[in-house]
Amino acid sequence: MRNLLLVLGLLLCGFAGRAEGGASAESGEFNPSAMITHHISDDHVWEFFEGPGGTIHLPVILSGRNGLEVFSSRNLFDGEGHPKVYNGYIAEHGHIYYANAEGEPEADAAGHHVGPLDFSITKNVASLMISVALLLGVFLTIAGRYGKNRGQAPRGIQSFFEPLILFIRDDIAKQNIGPRYERYMPLLLTVFFFIWFNNMLGLIPGGANLTGNIAVTLVLATITLIVTLASANGKYWAHIFKPHVPVALYPIIVPIEIIGIFIKPIALTIRLFANITAGHVIILSLLSLIFIFKNAFVGAVAVPFATIMNMLELFVALLQAYIFTLLTAMYIGSAVEDEHHEEEAAIPV
């Protein structure tokens, strides 16, 4: 049902975008494709709503031809939010490029736009900082209360998070990693709560689509890959380079096993990125139908469906954090698994 709604929403918004996209720039007609893309993409401004005070202009930090430059992204846009040239730079689709004499992005011989190194605090970076501050605030508070109330039943925020922490320890870490699970608990807890918190923050109106950014999910998956390979024992590498198959099949099986090492983090990357982005696209597509058809009946149907999807996304936010953490534990568990030798049964006399 969720995939069907996604396809339907994309088709309707795509048709409307083609029908109205040409006129949207001049006449101000609603363009669902541009609206959805703007929401799920990173940017140098954080827009919560139209009007005074609805947009936060974030710091721009560039290293280019003029050295290191720091200024507000407000300078890159005019009063109506359209890009303008500032200090030889111009913003376009969330990126900053050098501006040529015509006030357009400068291009190299191959036709690619050229720009400085961008270290700016973008919408996703700002959301990342907020989530890190929330995580530190929540878990330092919990740790402090455990220190003060040692031996007592958890209360308040402790009682909410303790079952989740115990679930990750008992049903994910112990079950998939085994006796050596404790050294990986900090990683698993950090991954789970980082993804969950950012998934939830992304559902707030105006929130950033951090976990729907493939660069973020790629970094998380790369950390899993590095920890897995750094923890791997001899049995793991023997399974890769000396699989239990006839030697004649080694030229086929060994390359497949090596490719599989990198397929796992790629699957982690795409799974989280695609599911979170799809949720945002579905909700925005349903709401876009109101402005596309401008019909009260369509609005009466679209709003309840969008509300239901938003409720479903609350569950998906937790589910995706669980799946990522579970698969991380499984990959680490396969790398640290010990040899199991069957003991010979004693023969009764």
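This report concerns the structure included in the present document.

### Examining the overall build of the protein chain
Part 1 of the argument: In terms of helices and strands, the protein chain carries 9 helices and 7 strands.
Part 2 of the argument: Put simply, the protein chain has 349 residues, and 38% of those count as buried.
Part 3 of the argument: Long-range contacts, defined here as pairs at least 24 residues apart, represent 59% of the contacts in the protein chain between residues at least 6 apart.
Part 4 of the argument: Per element, the accessible surface of the protein chain, about 20,000 Å² overall, is 66% carbon and sulfur.

### Topic: empty space enclosed by the protein
Part 1 of the argument: Taken as a whole and assessed by the stated rule, the structure comprises 2 cavities of 30 Å³ or more.
Part 2 of the argument: The space that makes up the largest cavity amounts to roughly 70 Å³.
Part 3 of the argument: Contributing to the lining of the largest cavity are Thr224, Leu225, Thr228, Leu229, Tyr236, Ile261, Lys264, Pro265, Leu268 and Tyr331.
Part 4 of the argument: Mapped by element, the contributors of at least two residues to the lining of the largest cavity are helix H6 (214–231) and helix H8 (250–293).
Part 5 of the argument: By residue class, the composition of the lining of the largest cavity is 7 nonpolar, 2 polar and 1 charged.
Part 6 of the argument: Computed from the structure, the second largest cavity encloses a volume of approximately 40 Å³.

### Some points on H8
Part 1 of the argument: Its 44 residues place the ends of H8 60 Å apart at the C-alpha level, agreeing with the 64 Å of an ideal helix rising 1.5 Å per residue.
Part 2 of the argument: At Ile261, H8 is deflected by roughly 30°, the largest bend along its length, and proline Pro265 occurs up to four residues later in sequence.
Part 3 of the argument: In the stretch just after H8, Lys294 is the one whose phi turns positive, near 50°.

### Here's the deal with the environment of Tyr97
Part 1 of the argument: Within the secondary structure layout, Tyr97 lies in strand S6 (residues 95–98).
Part 2 of the argument: Look at Tyr97 and you get buried, because its relative accessible area is 16%.
Part 3 of the argument: Discounting residues that sit within four places of it in the chain, Tyr97 has contacts with Gly88, Tyr89, Ile90, Glu92, Pro105, His113, Val114, Gly115 and Pro116.

### Thoughts on the nonpolar core
Part 1 of the argument: Of all hydrophobic cores here, the largest spans 37 residues; its most connected members are Phe161, Ile177, Phe193, Ile195 and Trp196.
Part 2 of the argument: Mapped by element, the contributors of at least two residues to this core are helix H3 (123–148), helix H4 (157–177), helix H5 (185–202), H6, H8 and helix H9 (296–336).
Part 3 of the argument: If one sorts the elements of this core by residue count, H5 sits on top with 10 residues.
Part 4 of the argument: In this view, Phe193 contacts Leu135, Phe139, Phe161, Leu164, Ile165 and Ile168; residues no more than four positions away in its chain are not counted.
Part 5 of the argument: Phe71, Leu76, Ala91 and Tyr98 belong to the second largest nonpolar core, which has 10 residues in total.

### Section: the environment of Tyr98
Part 1 of the argument: Tracing the backbone through its elements, the reader meets Tyr98 in strand S6.
Part 2 of the argument: Considering only alpha carbons, one finds Tyr98 and Gly64, 34 residues apart in sequence, at a separation of 9.1 Å.
Part 3 of the argument: Not counting residues within four places of it along the chain, the set of residues in contact with Tyr98 comprises Gly64, Arg65, Gly88, Tyr89, Ile90, Glu104, Pro105, Glu106, Val114, Gly115 and Pro116.

### Re the packing of helix H2 (residues 32–40) against H8
Part 1 of the argument: The contact between H2 and H8 brings their axes to 10 Å, and the two run at 145°. The handedness of the crossing between H2 and H8 comes out as right-handed. In this structure, H2 contributes Pro32, Met35, Ile36, His39 and Ile40 to the contact, and H8 contributes Thr277, His280, Val281, Leu284, Ser285, Ser288 and Ile292.
Part 2 of the argument: Split into classes, the residues belonging to the contact of H2 with H8 amount to 7 nonpolar, 5 polar and no charged.

### With respect to a nonpolar patch on the surface
Part 1 of the argument: On the surface, Trp237, Phe241, Ile258, Ile259, Phe262, Ile263, Ile266 and Ile270 cluster together into a nonpolar patch covering about 730 Å² of accessible area.
Part 2 of the argument: Taken together, the elements giving at least two residues each to the nonpolar patch come down to helix H7 (234–241) and H8.
Part 3 of the argument: With relative accessibility at 31%, the residue Ile258 sits in the partly exposed group.

So, how was this worked out
Residues numbered from 1 in each chain as written. Predicted model: local features only at pLDDT ≥ 70, side-chain atom pairs only at ≥ 80, totals over all residues. Heavy atoms only, no water. Helix = DSSP H or I, 4+ residues; strand = E, 2+ residues; numbered from the N terminus. Buried < 20%, exposed > 50% of the residue type's maximum accessible area, 1.4 Å probe, protein only. Contact = heavy atoms within 4.5 Å. Areas by Shrake-Rupley, 256 points an atom, 1.4 Å probe, with all protein chains shown as cover. 1 Å grid on protein atoms, 1.4 Å probe; cavity = no way out; pocket = protein on both sides within 12 Å on 5 of 7 lines; lining within 4 Å. Points joined across faces, edges and corners; volume = space filled by probe spheres on them. Nonpolar A, V, L, I, M, F, W, Y, C, P; charged D, E, K, R; others polar. Expected span 1.5 Å × (residues − 1). Bend = angle between axes of the 7 residues up to and from the residue. Core = buried A, V, L, I, M, F, W, Y, C linked by side-chain atoms within 4.5 Å. Axes fitted to C-alpha atoms, helices over the stretch in contact; angles between N-to-C directions. Left-handed = near helix turned anticlockwise from the far one by under 90°. Patch = residues over 30% accessible without salt bridge, like charges linked within 9 Å, V, L, I, M, F, W, Y side chains within 5 Å. Salt bridge = Lys/Arg side-chain N within 4 Å of Asp/Glu carboxyl O.

Honestly, it's all geometry; don't read function into it.
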